[in-house]
Structures are given as C-alpha cells and as structure tokens.
Amino acid sequence: GAVVSQHPSRVICKSGTSVKIECRSLDFQATTMFWYRQFPKQSLMLMATSNEGSKATYEQGVEKDKFLINHASLTLSTLTVTSAHPEDSSFYICSARAGTTNTGELFFGEGSRLTVL
Amino acid sequence: GEDVEQSLFLSVREGDSSVINCTYTDSSSTYLYWYKQEPGAGLQLLTYIFSNMDMKQDQRLTVLLNKKDKHLSLRIADTQTGDSAIYFCAEIKAGTYKYIFGTGTRLKVLA
C-alpha cells in the first residue's frame, strides 16, 4: 500500500518556540493531505485540509495563524506550530489521499508527538 | 447527532471473537472504514465497505452494515493478543474527502 511518512516522530520544545512537522507521501502524489490532532484516549480531530498549491482549509475553531500549513509539492505538506504553548502538546497525525484509488482510502503517517515544556 | 459513536472498551479472551460496534451519522456516506491504531502509532486501514453492501469478509475480519439503523460492526474471529489496539470506524462525508472518525474502541485481548 501507499506510504506516508511523518517527521519528527517526537519533538520536545520550549514554550514560545515554533515547531515544524513534515508529512511526505513516499510513493504516490497527494494533491490533498489532512492534518489531525489526537488527545490522549480520544479520537482524531480534523484540523485542516491541505491542498497542493493553495491555501489550507481550516476547521472551525482551529487558529490558522497558530497552525501554519504549507503544501508546496505533491509529496510534502508541513504543519508549523507557532509560538507553542503547553496546551499545544498533542499527537499530530497527517494523512494523504492517493489520487489513483477509487475507495477514498486515506493513508496515515506514523504521527508526531509534540511536548511543549 | 454529529458524533460517530463507539463503545469505549472491549475485553475478550484469546481465541474468542470480538465484535466492535459503531453508529455513524450520515446516511449518504459512500464508504465506511475500520482503522486500527497501535500505541503511539498512526492509523492502519483494516477494511472498508461500500454503502451498497451489507457484508464484507476479509480473512478474520467481517464487516456488517445496517444502513437503515446507520450501524456498522467489525467482527474479528480468533482474536489474538496482537489484535489489542484501538479501533476506529470512520465515514466519509458525501461529496467531500472529509473523514469523520468514531470515538474509538480500545480492544484488550487476554491471554
């Protein structure tokens, strides 16, 4: 199946700094990628839809200036958590839709655990 | 309602069958999915069912769909300790690529 890779898998940063998380589709082109946030023992919350070459579409309640998304190529989307605070600590997961499938299947990255001290 | 609902926990003995239930929200959803999440990892697609099907079997996995009640279930036959994980159902909103995930069911398999 298609592979989506996230980097870094774990990151610890100080409060007030910015952190960038990368999401790459390794063997397919993804015009659309999705970013989710998962709190402990909870479901995935869709944060935004990342479209290659255009602005991301954010879900209600998600601050676009706080969570910057860039989808500069068909294989890479980045999520930058700006001026991170402890409440931003979470598990962030990206997914990508392989354009050649008809099932609408999403392929997920391994997730990135952010801890803000 | 807006939530895709699942029971939070399920505990079974190794070798028994597990049945994980899900109630979804959008009767026009075209595809319904089951994903597995192991600790600290991303999601792995287990299986999916198209909305015009009632049942789909894939090795140890059987998916049942009741469109009238908007109820989806996943049966795992001969459950193994390696099946211990969180299982999410998901629906795709008609006309979009947006997935709506269920609350997740934590399956614990006892040896």
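A brief report on the enclosed structure follows. (Residues numbered from 1 in each chain as written. Chains lettered and ligands numbered in written order. Predicted model: local features only at pLDDT ≥ 70, side-chain atom pairs only at ≥ 80, totals over all residues. Heavy atoms only, no water.)

Residues and elements named next belong to chain B. Burial within strand β9 (residues 85-92) is extensive, with eight of its eight residues counted as buried. In β9, alternate side chains face the same way, and those of Ala85, Tyr87, Cys89 and Glu91 on one face and Ile86, Phe88, Ala90 and Ile92 on the other are all buried. Strand direction decides the pairing type here: strand β4 (residues 31-37) and β9, joined by six bridges, are antiparallel. Within β9, the position partnered with Tyr35 by the bridge is Phe88. (Buried < 20%, exposed > 50% of the residue type's maximum accessible area, 1.4 Å probe, protein only. Helix = DSSP H or I, 4+ residues; strand = E, 2+ residues; numbered from the N terminus. Pairing = 2+ DSSP bridges.)

With that settled, the discussion passes to the layout of surface pockets. For the largest pocket, the calculated volume is near 450 Å³. Along its surface, the largest pocket is lined by 22 residues, and Leu44, Met45 and Leu46 of chain A together with Ile100 and Phe101 of chain B are the ones closest to its centre. Grouping the constituent residues of the lining of the largest pocket by class yields 10 nonpolar, six polar and six charged. Space inside the second largest pocket adds up to approximately 300 Å³. As for the second largest pocket, its lining consists of 17 residues, of which Gln37, Pro39, Gly40, Ile86 and Arg106 of chain B are closest to the centre. Put simply, the parts of the chain that give the lining of the second largest pocket at least two residues each are β9 and β11 (105-110) of chain B. (1 Å grid on protein atoms, 1.4 Å probe; cavity = no way out; pocket = protein on both sides within 12 Å on 5 of 7 lines; lining within 4 Å. Points joined across faces, edges and corners; volume = space filled by probe spheres on them. Nonpolar A, V, L, I, M, F, W, Y, C, P; charged D, E, K, R; others polar.)

Before going further, it helps to spend a moment on the interface of chain B and chain A. The partner chain A presents 21 residues to the 19 residues of chain B that form the contact. Here chain B and chain A share zero salt bridges between them. On inspection of chain B and its partner chain A, the count reaches three residue pairs in polar contact (both at pLDDT 80 or more). Listed by contribution, the elements that provide at least two residues to the side of chain B that touches chain A are β4, β5 (43-50), β9 and β10 (99-101) of chain B. Here the side of chain B that touches chain A gets four residues from one element, more than from any other, and that element is β4 of chain B. Of the residues contributing to the side of chain B that touches chain A, the split by class is 12 nonpolar, five polar and two charged. (Contact = heavy atoms within 4.5 Å. Salt bridge = Lys/Arg side-chain N within 4 Å of Asp/Glu carboxyl O. Polar contact = N/O pair within 3.5 Å; in protein donor to acceptor, adjacent residues only side chain to side chain.)

With the rule as written, the count across this model stands at two disulfides over all chains. What pairs with Cys23 of chain A in a disulfide is Cys94 of chain A, and their sulfur atoms sit 2.0 Å apart. One quick way to see it: the torsion about the S-S bond of Cys23 of chain A and Cys94 of chain A is about 80°, and its sign makes the bridge right-handed. Taken as a pair, Cys23 of chain A in strand β3 (residues 19-25) and Cys94 of chain A in strand β9 (residues 90-97) lie far apart in primary sequence, 71 residues in all. With relative accessibility at 0%, the residue Cys23 of chain A sits in the buried group. Through a disulfide, Cys22 of chain B is tied to Cys89 of chain B; the S-S separation comes to 2.0 Å. Taking the sign of the S-S torsion, about 70° here, the bridge from Cys22 of chain B to Cys89 of chain B comes out right-handed. With a gap of 67 residues between them, Cys22 of chain B in strand β3 (residues 18-23) and Cys89 of chain B in strand β9 connect regions that are remote in the sequence. Residue classification places Cys22 of chain B among the buried residues on the basis of a relative accessible area of 1%. Looking at the unpaired Cys13 of chain A, the closest cysteine sulfur is the one in Cys94 of chain A, lying at 18 Å. Judged by relative accessible area, Cys13 of chain A falls into the buried class, the value being 9%. (Disulfide = S-S within 2.5 Å.)

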